[in-house]
Amino acid sequence: MVTSSSSWSQALVQISPYTFSAIGIAISIGVSVLGAAWGIYITGSSLIGAAIKAPRITSKNLISVIFCEAVAIYGVIVAIILQTKLESVPSSKMYDAESLRAGYAIFASGIIVGFANLVCGLCVGIIGSSCALSDAQNSSLFVKILVIEIFGSALGLFGVIVGIIMSAQATWPSKV
(Lines give C-alpha, C1' and ligand atoms only; values in the text may rest on other atoms or scores of the structure.)
Protein backbone atom coordinates (compact mmCIF):
# COMPACT_ATOMS: atom_id res chain seq x y z
CA MET A 1 0.00 0.00 0.00
CA VAL A 2 1.38 3.36 -1.02
CA THR A 3 0.98 6.18 1.47
CA SER A 4 1.38 9.85 0.82
CA SER A 5 2.46 12.54 3.21
CA SER A 6 -1.00 14.09 3.00
CA SER A 7 -2.82 11.12 4.52
CA TRP A 8 -5.02 11.52 7.58
CA SER A 9 -2.67 9.54 9.78
CA GLN A 10 0.21 11.87 8.92
CA ALA A 11 -1.98 14.90 9.59
CA LEU A 12 -3.07 13.60 12.99
CA VAL A 13 0.49 12.87 14.03
CA GLN A 14 1.53 16.43 13.15
CA ILE A 15 -1.08 18.02 15.44
CA SER A 16 0.33 18.91 18.84
CA PRO A 17 -0.67 16.60 21.69
CA TYR A 18 -1.50 19.73 23.67
CA THR A 19 -4.08 20.64 21.03
CA PHE A 20 -5.71 17.24 21.38
CA SER A 21 -5.65 17.62 25.16
CA ALA A 22 -7.22 21.08 25.03
CA ILE A 23 -9.95 19.90 22.65
CA GLY A 24 -10.69 16.92 24.92
CA ILE A 25 -10.96 19.15 27.98
CA ALA A 26 -13.22 21.58 26.10
CA ILE A 27 -15.46 18.76 24.87
CA SER A 28 -15.69 17.35 28.38
CA ILE A 29 -17.03 20.53 29.90
CA GLY A 30 -18.86 21.94 26.87
CA VAL A 31 -20.85 18.89 25.86
CA SER A 32 -21.62 18.07 29.51
CA VAL A 33 -23.08 21.53 30.02
CA LEU A 34 -25.03 21.13 26.76
CA GLY A 35 -26.50 17.85 28.07
CA ALA A 36 -27.42 19.48 31.37
CA ALA A 37 -29.04 22.45 29.66
CA TRP A 38 -31.00 20.23 27.30
CA GLY A 39 -32.20 18.07 30.20
CA ILE A 40 -33.23 21.12 32.22
CA TYR A 41 -35.09 22.48 29.19
CA ILE A 42 -37.00 19.22 28.72
CA THR A 43 -37.88 18.64 32.36
CA GLY A 44 -38.43 22.31 33.18
CA SER A 45 -40.95 22.93 30.43
CA SER A 46 -42.97 19.87 31.46
CA LEU A 47 -42.71 20.83 35.11
CA ILE A 48 -44.07 24.30 34.45
CA GLY A 49 -46.89 22.93 32.31
CA ALA A 50 -47.86 20.23 34.79
CA ALA A 51 -47.72 22.69 37.69
CA ILE A 52 -50.67 24.53 36.18
CA LYS A 53 -52.88 21.51 36.90
CA ALA A 54 -51.23 20.57 40.21
CA PRO A 55 -49.17 23.38 41.82
CA ARG A 56 -48.08 21.01 44.62
CA ILE A 57 -45.60 19.24 42.30
CA THR A 58 -43.35 22.25 41.72
CA SER A 59 -41.04 21.97 44.72
CA LYS A 60 -40.62 18.22 44.89
CA ASN A 61 -40.05 17.84 41.15
CA LEU A 62 -37.15 20.29 41.25
CA ILE A 63 -35.04 17.23 42.08
CA SER A 64 -35.11 16.44 38.35
CA VAL A 65 -33.57 19.83 37.59
CA ILE A 66 -30.92 19.18 40.24
CA PHE A 67 -30.08 15.81 38.66
CA CYS A 68 -29.65 17.56 35.31
CA GLU A 69 -27.39 20.17 36.88
CA ALA A 70 -25.25 17.40 38.37
CA VAL A 71 -24.44 16.35 34.81
CA ALA A 72 -22.77 19.71 34.20
CA ILE A 73 -20.88 19.39 37.46
CA TYR A 74 -19.55 15.98 36.33
CA GLY A 75 -18.11 17.64 33.24
CA VAL A 76 -16.52 20.44 35.26
CA ILE A 77 -14.93 17.97 37.69
CA VAL A 78 -13.46 15.85 34.90
CA ALA A 79 -12.22 18.95 33.06
CA ILE A 80 -10.35 19.98 36.21
CA ILE A 81 -8.90 16.47 36.57
CA LEU A 82 -7.82 16.46 32.93
CA GLN A 83 -6.31 19.92 33.25
CA THR A 84 -4.09 18.71 36.08
CA LYS A 85 -2.78 15.94 33.77
CA LEU A 86 -1.11 18.48 31.48
CA GLU A 87 2.65 18.82 31.91
CA SER A 88 5.34 20.82 30.19
CA VAL A 89 7.40 18.84 27.68
CA PRO A 90 10.56 19.97 25.87
CA SER A 91 9.95 20.69 22.20
CA SER A 92 12.36 17.88 21.26
CA LYS A 93 9.99 15.37 22.90
CA MET A 94 6.74 16.99 21.77
CA TYR A 95 5.95 14.32 19.18
CA ASP A 96 7.38 11.31 20.99
CA ALA A 97 5.08 8.30 21.27
CA GLU A 98 4.58 8.97 24.98
CA SER A 99 3.49 12.57 24.34
CA LEU A 100 1.11 11.52 21.59
CA ARG A 101 -0.37 8.80 23.80
CA ALA A 102 -0.91 11.29 26.63
CA GLY A 103 -2.59 13.79 24.31
CA TYR A 104 -4.83 11.12 22.77
CA ALA A 105 -5.71 9.72 26.22
CA ILE A 106 -6.86 13.13 27.48
CA PHE A 107 -8.72 13.73 24.21
CA ALA A 108 -10.49 10.35 24.41
CA SER A 109 -11.32 10.88 28.07
CA GLY A 110 -12.90 14.26 27.30
CA ILE A 111 -14.97 12.83 24.45
CA ILE A 112 -16.19 9.91 26.56
CA VAL A 113 -17.20 12.10 29.48
CA GLY A 114 -18.76 14.80 27.32
CA PHE A 115 -20.95 12.51 25.25
CA ALA A 116 -21.85 10.23 28.17
CA ASN A 117 -23.06 13.31 30.02
CA LEU A 118 -24.92 14.56 26.96
CA VAL A 119 -26.88 11.31 26.81
CA CYS A 120 -27.29 11.31 30.60
CA GLY A 121 -28.69 14.85 30.54
CA LEU A 122 -31.21 13.88 27.88
CA CYS A 123 -32.13 10.71 29.77
CA VAL A 124 -32.63 12.50 33.08
CA GLY A 125 -34.53 15.32 31.36
CA ILE A 126 -36.96 12.97 29.63
CA ILE A 127 -37.51 10.91 32.77
CA GLY A 128 -37.89 14.11 34.82
CA SER A 129 -40.49 15.32 32.35
CA SER A 130 -42.38 12.04 32.70
CA CYS A 131 -42.07 12.28 36.47
CA ALA A 132 -43.60 15.76 36.55
CA LEU A 133 -46.47 14.84 34.26
CA SER A 134 -47.17 11.58 36.10
CA ASP A 135 -46.97 13.23 39.51
CA ALA A 136 -49.53 15.81 38.41
CA GLN A 137 -51.93 12.95 37.61
CA ASN A 138 -51.13 10.55 40.45
CA SER A 139 -48.82 11.52 43.32
CA SER A 140 -48.07 7.91 44.24
CA LEU A 141 -45.99 7.56 41.06
CA PHE A 142 -43.38 10.16 42.08
CA VAL A 143 -41.05 7.91 44.08
CA LYS A 144 -41.31 5.07 41.57
CA ILE A 145 -40.26 7.26 38.67
CA LEU A 146 -37.62 9.00 40.80
CA VAL A 147 -35.88 5.63 41.26
CA ILE A 148 -35.74 5.25 37.47
CA GLU A 149 -34.34 8.77 37.23
CA ILE A 150 -31.57 7.87 39.67
CA PHE A 151 -30.60 4.94 37.46
CA GLY A 152 -30.57 7.28 34.46
CA SER A 153 -28.31 9.66 36.35
CA ALA A 154 -25.87 6.81 36.94
CA LEU A 155 -25.04 6.87 33.22
CA GLY A 156 -23.16 10.12 33.75
CA LEU A 157 -21.22 8.63 36.64
CA PHE A 158 -20.24 5.67 34.46
CA GLY A 159 -18.88 8.11 31.88
CA VAL A 160 -16.91 9.94 34.57
CA ILE A 161 -15.42 6.68 35.85
CA VAL A 162 -14.41 5.54 32.36
CA GLY A 163 -12.97 9.00 31.64
CA ILE A 164 -10.85 8.94 34.79
CA ILE A 165 -9.60 5.44 33.94
CA MET A 166 -8.74 6.59 30.40
CA SER A 167 -6.91 9.68 31.65
CA ALA A 168 -4.72 7.52 33.88
CA GLN A 169 -2.88 6.59 30.65
CA ALA A 170 -1.80 10.23 30.21
CA THR A 171 1.84 10.26 31.22
CA TRP A 172 4.08 12.81 29.55
CA PRO A 173 7.79 12.18 28.91
CA SER A 174 10.26 13.36 31.52
CA LYS A 175 11.95 16.73 30.99
CA VAL A 176 15.46 15.28 31.04
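This one's a predicted model, so the numbers in the text were calculated from it and none came from an experiment. (Residues numbered from 1 in each chain as written. Predicted model: local features only at pLDDT ≥ 70, side-chain atom pairs only at ≥ 80, totals over all residues. Heavy atoms only, no water.)

Caption draft 1: Main features of the packing of aromatic side chains. Summed over the entire model, instances satisfying the criterion amount to 3 aromatic pairs. With 4.8 Å between their ring centres and 5 degrees between their planes, Tyr-18 and Trp-172 make a pair best called stacked. Of the two residues, Tyr-18 is situated in helix H2 (residues 17-53) and Trp-172 in the segment after helix H6 (142-167); the sequence distance between them amounts to 154 residues. Seen in terms of ring centroids, Phe-20 and Tyr-104 are 5.0 Å apart; in terms of plane orientation they differ by 75 degrees. Their pairing is edge-to-face. With a gap of 84 residues between them, Phe-20 in helix H2 and Tyr-104 in helix H5 (residues 97-137) connect regions that are remote in the sequence. (Phe/Tyr/Trp six-rings, centres within 6.5 Å; stacked < 30°, edge-to-face > 60°. Helix = DSSP H or I, 4+ residues; strand = E, 2+ residues; numbered from the N terminus.)

Caption draft 2: Structural view of the side chain of Ser-129. Inspection of the secondary structure puts Ser-129 in helix H5. With residues near it in sequence (within four places) discarded, Ser-129 still touches Ile-42, Thr-43 and Ser-46. (Contact = heavy atoms within 4.5 Å.)

Caption draft 3: Summary view of the UniProt feature "domain: V-ATPase proteolipid subunit C-like" (unreviewed entry) in the protein. The positions UniProt marks with the feature "domain: V-ATPase proteolipid subunit C-like" (unreviewed entry) are residues 23-82 and 107-166. End C-alpha atoms of residues 23-82 are separated by 11 Å, and the span's content is 93% helix alongside 0% strand. As a span, residues 107-166 carries 93% helix and 0% strand, and end to end its C-alpha atoms are 9 Å apart. (UniProt positions renumbered as here; feature names shortened; annotations may be inferred.)

Caption draft 4: View of the packing of H5 against H6. Running from amino to carboxyl end, H5 crosses H6 at an angle of 175 degrees, the nearest separation of the two axes being 8 Å. The angle between H5 and H6 places the two elements in the roughly antiparallel class. Across the contact of H5 with H6, the residue classes tally to 18 nonpolar, 11 polar and 2 charged. (Axes fitted to C-alpha atoms, helices over the stretch in contact; angles between N-to-C directions. Parallel < 35°, antiparallel > 145°, perpendicular 65-115°, else oblique. Nonpolar A, V, L, I, M, F, W, Y, C, P; charged D, E, K, R; others polar.)

Caption draft 5: Representation of the side chain of Asn-117. For Asn-117, the position within the fold is in helix H5. Apart from the residues lying within four places of it in its own chain, the contact partners of Asn-117 are Ser-32, Gly-35, Val-71, Tyr-74, Gly-75 and Gly-156.

Caption draft 6: Spotlight on the UniProt feature "transmembrane region" (unreviewed entry) in the protein. Per the UniProt record, "transmembrane region" (unreviewed entry) is annotated on residues 20-41, 62-82, 102-129 and 141-166. Secondary structure across residues 20-41 comprises 100% helix and 0% strand; the distance between its end C-alpha atoms is 31 Å.

Caption draft 7: Spatial organisation of the pattern of salt bridges. Applying the stated criterion to the full structure yields 2 salt bridges. The closest approach of N and O atoms between Arg-56 and Asp-135, which form a salt bridge, is 3.5 Å. Placement of the pair is Arg-56 in the loop between H2 and helix H3 (57-60) and Asp-135 in helix H5, with a sequence separation of 79 residues. According to the relative accessible area criterion, Asp-135 is buried, its value standing at 0%. One salt bridge in this structure joins Asp-135 and Lys-60, with 3.5 Å as the shortest N-O distance. Here Asp-135 is found in helix H5, whereas its partner Lys-60 is found in helix H3, with 75 residues between them in sequence. One salt-bridge network, held together by shared partners, links Arg-56, Lys-60 and Asp-135. (Salt bridge = Lys/Arg side-chain N within 4 Å of Asp/Glu carboxyl O. Buried < 20%, exposed > 50% of the residue type's maximum accessible area, 1.4 Å probe, protein only.)

Caption draft 8: Quick look at a nonpolar patch on the surface. A surface patch of nonpolar side chains, amounting to about 490 Å² of accessible area, comprises Val-119, Leu-155, Phe-158, Ile-161 and Ile-165. Broken down by element, the residue count for the nonpolar patch peaks at 4 residues, all from H6. For Ile-161, the position within the fold is in helix H6. (Patch = residues over 30% accessible without salt bridge, like charges linked within 9 Å, V, L, I, M, F, W, Y side chains within 5 Å. Areas by Shrake-Rupley, 256 points an atom, 1.4 Å probe, with all protein chains shown as cover.)

Caption draft 9: Layout of the nonpolar core. Counting 14 residues, the largest nonpolar core has Ile-25, Val-78, Leu-82, Ile-106, Ala-170 and Trp-172 as the members making the most contacts within it. Contributions of two or more residues to this core are made by helix H4 (62-84) and H5. The biggest single contributor to this core is H4, with 5 residues. If we skip the residues at most four places from it in the chain, Ala-170 touches Lys-85, Ala-102, Ala-105 and Ile-106. Listed in part, the 12 residues of the second largest apolar core include Ala-36, Cys-68, Val-71 and Phe-142. (Core = buried A, V, L, I, M, F, W, Y, C linked by side-chain atoms within 4.5 Å.)

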